[in-house]
Amino acid sequence: MPEEAPGPAQRLGRHFADIVRAATAANCVSEQWTSALPCRRRPGRRACSGRIAIAAGPPSTPIRWCCTACGDEGIITNWEGSPYDLRPKQLVAVGGAAREIVVSEEVATALRDLSFLDPNAERRVFAMTAHPRGAALHASTADLEELSEAVAAEANHEPNRRRQRRLDDAFDALENAARNMSRRPR
């Protein structure tokens, strides 16, 4: 999207890009699942409380999505091979047993906004599912360490104090989750 595009167009484009990322990160084919992505609509000038439910088929088929609360819905076509297609290009090595870690909506948003994630970490972030207390991240201890390093690196170079504080909070949440995972028996 060109930088001179109006703000609303850029936000809508980012919303659709995030839906493609989530649909291609999850490894679910033709099964509808509820992602951790929030709805972008504001009925009655209040943020919609819904999450984006996604149904993605095999490659080159449209991605169908809808909000779980307000019913906003759509179909995204021609996504295959786009910069937002997170399907692995090669076999991915498994880095230990993944567990469900519940993070707040603020932490989930901070993770989705990270600029420099490797493809495996980006897949993990966009495959988060909705959870009553925020978002469920499925990751191993090694995955959490990798995400923590990415968050710390971005926080160290962030000039905006408010965003830096959000990244620091996300780092603390990931570190606490990693510590708790290492204490729990497998």
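Scroll up for the structure.
Right, let's walk through the structure included here. Treat the numbers as computed from the prediction; the structure is a model and nothing was measured. (Residues numbered from 1 in each chain as written. Predicted model: local features only at pLDDT ≥ 70, side-chain atom pairs only at ≥ 80, totals over all residues. Heavy atoms only, no water.)

Okay, the overall build of the protein chain next. Helices and strands together make up the secondary structure of the protein chain, namely five helices and seven strands. For the protein chain, the succession of helices and strands along the chain, N to C, is α-β-β-β-β-β-α-α-β-β-α-α. Whereas a compact globule of 186 residues would reach a radius of gyration of roughly 16 Å, the protein chain reaches 17 Å, a difference of no more than 12%. The principal-axis extents of the C-alpha atoms in the protein chain amount to approximately 45 × 40 × 30 Å. Contacts in the protein chain between residues at least 24 apart in sequence constitute 56% of all its contacts with a sequence separation of at least 6. A total of about 11,000 Å² of accessible surface is found on the protein chain, and carbon and sulfur atoms cover 49% of it. Each charge class in the protein chain can be summarised by its mean position, and for the 26 positive and 24 negative side chains these summaries are 6 Å apart. (Helix = DSSP H or I, 4+ residues; strand = E, 2+ residues; numbered from the N terminus. Rg over C-alpha atoms; globule rule 2.2 N^0.38 Å. Contact = heavy atoms within 4.5 Å. Areas by Shrake-Rupley, 256 points an atom, 1.4 Å probe, with all protein chains shown as cover. Lys, Arg positive; Asp, Glu negative; His and termini not counted. Charge placed at Lys NZ, Arg CZ, Asp CG, Glu CD.)

Right, let's talk about a negative patch on the surface for a bit. A grouping of E106, D168, D169 and D172 is seen on the molecular surface, where their side chains present a negatively charged patch. Looking at where D168 falls in the secondary structure, it is placed in helix α5 (residues 161–183). Given the relative accessible area of 36%, D168 is considered partly exposed. (Patch = residues over 30% accessible without salt bridge, like charges linked within 9 Å, V, L, I, M, F, W, Y side chains within 5 Å. Salt bridge = Lys/Arg side-chain N within 4 Å of Asp/Glu carboxyl O. Buried < 20%, exposed > 50% of the residue type's maximum accessible area, 1.4 Å probe, protein only.)

Turning our eyes to something else, we now look at the pattern of salt bridges. As enumerated under the stated definition, the model contains 10 salt bridges in all. Of the charged contacts, one joins R87 and D85 as a salt bridge, the two residues approaching to 2.5 Å between their closest N and O atoms. Residue classification places R87 among the partly exposed positions, given a relative accessible area of 25%. Here R124 and D143 are joined by a salt bridge, their closest N and O atoms 3.2 Å apart. Here R124, found in helix α3 (residues 119–126), pairs with D143, found in helix α4 (residues 141–156); they are 19 residues apart in sequence, far enough to count as distant.

Before going further, it helps to spend a moment on a positive patch on the surface. Positive charge collects at one region of the surface, where R161, R162, R165 and R166 lie side by side. Considering the arrangement of structural elements, one finds R161 in helix α5. When its relative accessible area of 66% is taken as the criterion, R161 is described as exposed.

Attention shifts here to the packing of aromatic side chains. Tallied over the entire structure, the rule returns one aromatic pair. Relative to W65, the ring of F16 lies with its centre 6.1 Å away and its plane at 50°, an arrangement referred to as tilted. Of the two residues, F16 is situated in helix α1 (residues 7–25) and W65 in strand β3 (residues 63–67); the sequence distance between them amounts to 49 residues. In this structure F16 comes out as partly exposed when scored by relative accessible area, which is 30%. Note on W65: relative accessible area 5%, which makes it buried. (Phe/Tyr/Trp six-rings, centres within 6.5 Å; stacked < 30°, edge-to-face > 60°.)

Here the focus is the nonpolar core. Counting 47 residues, the largest nonpolar core has I19, I54, I63, M128 and L144 as its most contacted members. Counting residues per element, this core draws most heavily on α5, which supplies six residues. Contact partners of I63, with chain neighbours within four places excluded, come to I19, V20, A23, I54, A55, A56, G74, I75, I76 and W79. (Core = buried A, V, L, I, M, F, W, Y, C linked by side-chain atoms within 4.5 Å.)

Approximately 1,000 Å³ is the volume attributed to the largest pocket. What lines the largest pocket is a set of 30 residues, among which Q10, R11, R14, H15 and D18 lie closest to the centre. Elements with a contribution of two residues or more to the lining of the largest pocket: α1, β1 (32–38), α2 (105–112) and α3. Looking at the lining of the largest pocket, the element that brings in the most residues is α1, giving 12 residues. Residue composition of the lining of the largest pocket, grouped by class: 15 nonpolar, five polar and 10 charged. (1 Å grid on protein atoms, 1.4 Å probe; cavity = no way out; pocket = protein on both sides within 12 Å on 5 of 7 lines; lining within 4 Å. Points joined across faces, edges and corners; volume = space filled by probe spheres on them. Nonpolar A, V, L, I, M, F, W, Y, C, P; charged D, E, K, R; others polar.)

What follows deals with the side chain of E154. By secondary structure assignment, the location of E154 is in helix α4. Look at E154 and you get buried, because its relative accessible area is 11%. Non-local contacts of E154, meaning those with residues more than four positions away in its chain, are made with D113, L114, S115, F116, R163 and L167.

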